[in-house]
Amino acid sequence: MSDSRGPGRPKAKAAAASNKPVQVEIKMEQHFTSRIYTSGSTVRGNAVIHCQKDTPFDNIDIVFTGTAATRLDFVQSYTTNAVRTFMKLRMPIPDDDMPSPRICKAGETYTIPFHFVVPHQLTMGACKHASAAPAVQDQHLRMPPTVGYWDGDDQAPDMTHIEYAVRAKVIGARTAPDSPKALFEGKKILKVLPASPEEPPLDITKVDERYCLSKTKTFRKNLLGAKAGDLTATTSQPSAAMLHGDGFGARGTTATVNLEFAPTSSDAAPPKINSVQGKLLSTTFFGSASSDTLPNLGPKTMYTHHQVLTYSATASLFHTRPDKINWVQRPAPMVRRDSGYETAGSPAEMTDEEAEATAAAPRGRNSRRGSKDHTNKKAKSVAPAVRHRATVSLPVEIPISNKRMFLPTFHNCIMSRTYALQLVLSVGPSNTTMTLHVPLQLGVETLYDPETFEELPSFDAAMEQAQREEAEDYLTPRIMQAARPPQMSVLPGYQEATQSVAVA
């Protein structure tokens, strides 16, 4: 005995769709379910209109839209929804493709072709709200990827969606002056992974609590022994990991960790780096109002008029044990101290070359006289200490699979996606952990160059070109030349040359 709820609902829905006087269907060319469109890709197909009975209409509208939507549950006493349409490309339809007169006749099928190109940039109207910095609006005017419609897990919550779709609407004629127009619509959802080039690294400060680029810990010779020294692990933002434009693969990057051990005695050796573990932390920020800042920068919790929620996911990247680390011993930077008159500010440090030169210089009997004379303002230095330095390179590969989808880094008005590379170092006999969080950009390779691809220029580019041509016409003198013989195989003489008059 079959369940009446399962098969019953699709049949009822199909019956309701068949009862409509006009059915609109979008048929794409060279399209399949898993196809991914990128910036510069062609979106071509036909809007097929089936008529069950004679239906008059006013207009047929075919648009390529991009819409972002968020939903906030359990934040307030009611659910808050936000919908933003950031892209709308309209296909001009010639009158020859329209039925004449504008009546969909019963039993007839009408096919109207359409042709779109996925843009590389949004128009200025996509982001009109105030921003804390011009860089925020610049990010909001870039194409975001599809969210929530991938075959695999895109590591985003169910409350966030970004939809790209081709929509065809048949706007019916009014049967009475006050009656609403009947609307028949069909749409096709597309997966879009827009081009996202590599950007400069972020300027991380102490205020940016989501990131930690340096960590220092003290180590001992044994569990209850004396202090051996301080180990500092420092890293910086690596180059961007670039996703392929078709979504099936990625080009990895390399993270570098710089180690420096400051021993307390000359016989103290650097601690052993037992292992390094890498994880990729993805964070999705979303809210009901437009954001005027980049949510991944600044403190984790700050007061805003509109609530911003976060959703995080973790993907394991690697767990490696360094075979051999090449420690290089160098003299530490010398600290210059004043003779006693300077009491404020941090002491200046000497470079490695200055430290080596100071260490190699001969010491005389009178070298201690300056340290005892408190009235002498000549700077003196402390004896150089030893520093052990090493570098660990860690290849980073993005684990793309059919079950998990990695979206590029993007910032929309109501939604953002950022990534952080978490590096956990296990050091010493007691496996002391040192954790670093470094920002990592996931970009998308450009398959179609916007400079060579034939598409309409932006408004700013068109205005700049028009102003440039106007300036050239104003500054270039007009040459009024007299008529010359139709054929001239020799250079003009003096008389012919004087017939050209320049007018400024």
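Residues numbered from 1 in each chain as written. Predicted model: local features only at pLDDT ≥ 70, side-chain atom pairs only at ≥ 80, totals over all residues. Heavy atoms only, no water.

In the nomenclature of an unreviewed UniProt entry, the protein corresponds to Arrestin-like protein from the organism Emericellopsis atlantica.

1. Let's talk about the pattern of salt bridges
Note the threshold: Criterion for a salt bridge: a side-chain nitrogen of Lys or Arg within 4 Å of a carboxyl oxygen of Asp or Glu. For helices the rule is a DSSP run of H or I covering at least 4 residues; for strands it is a run of E covering at least 2, with both sets numbered from the N terminus onward. Per-residue accessibility, obtained with a 1.4 Å probe over protein chains only, is compared with the maximum for each type, and a residue is labelled buried under 20%, exposed over 50%, and partly exposed between these values.
A complete count under the given rule lists eleven salt bridges for this structure. Between Glu445 and Arg251 there is a salt bridge whose closest N-O contact spans 3.8 Å. Of the two residues, Glu445 is situated in the loop between strand 25 (442–444) and helix 5 (459–475) and Arg251 in strand 13 (residues 250–251); the sequence distance between them amounts to 194 residues. Look at Arg251 and you get partly exposed, because its relative accessible area is 45%.

2. Structural notes on the sheet that holds strand 10 (residues 214–220)
Filter applied, for reference: Note: two strands are recorded as paired if DSSP finds a minimum of 2 bridges between them. Interaxial angles span 0 to 180 degrees and are taken between N-to-C directions of axes, which are lines fitted to C-alpha atoms, for helices over the stretch in contact.
Ordered in space as 10-11-14-21-17, the five strands form an open sheet in which the pairing is antiparallel. Taken across any chain shown, the strands that pair with only one partner, and hence form the sheet edges, are strand 10 and strand 17 (328–331). Taking each pair of neighbouring strands and ignoring which way they run, the sheet shows an average axis angle of 25°. Note: strand 14 (residues 253–263) against strand 21 (residues 386–396), nine bridges, orientation antiparallel. For Ala255, the partnering residue across the bridge sits in strand 21 and is Leu394.

3. Examining the sheet that holds strand 13
With mixed pairing, three strands are arranged side by side in an open sheet as 13-12-25. Each edge of the open sheet is held by one strand with a lone partner, namely strand 13 and strand 25. Of the pairings in the sheet, the one linking strand 12 (residues 241–243) to strand 13 comprises two bridges and is antiparallel in character. The partner of Leu243 across the bridge, within strand 13, is Ala250.

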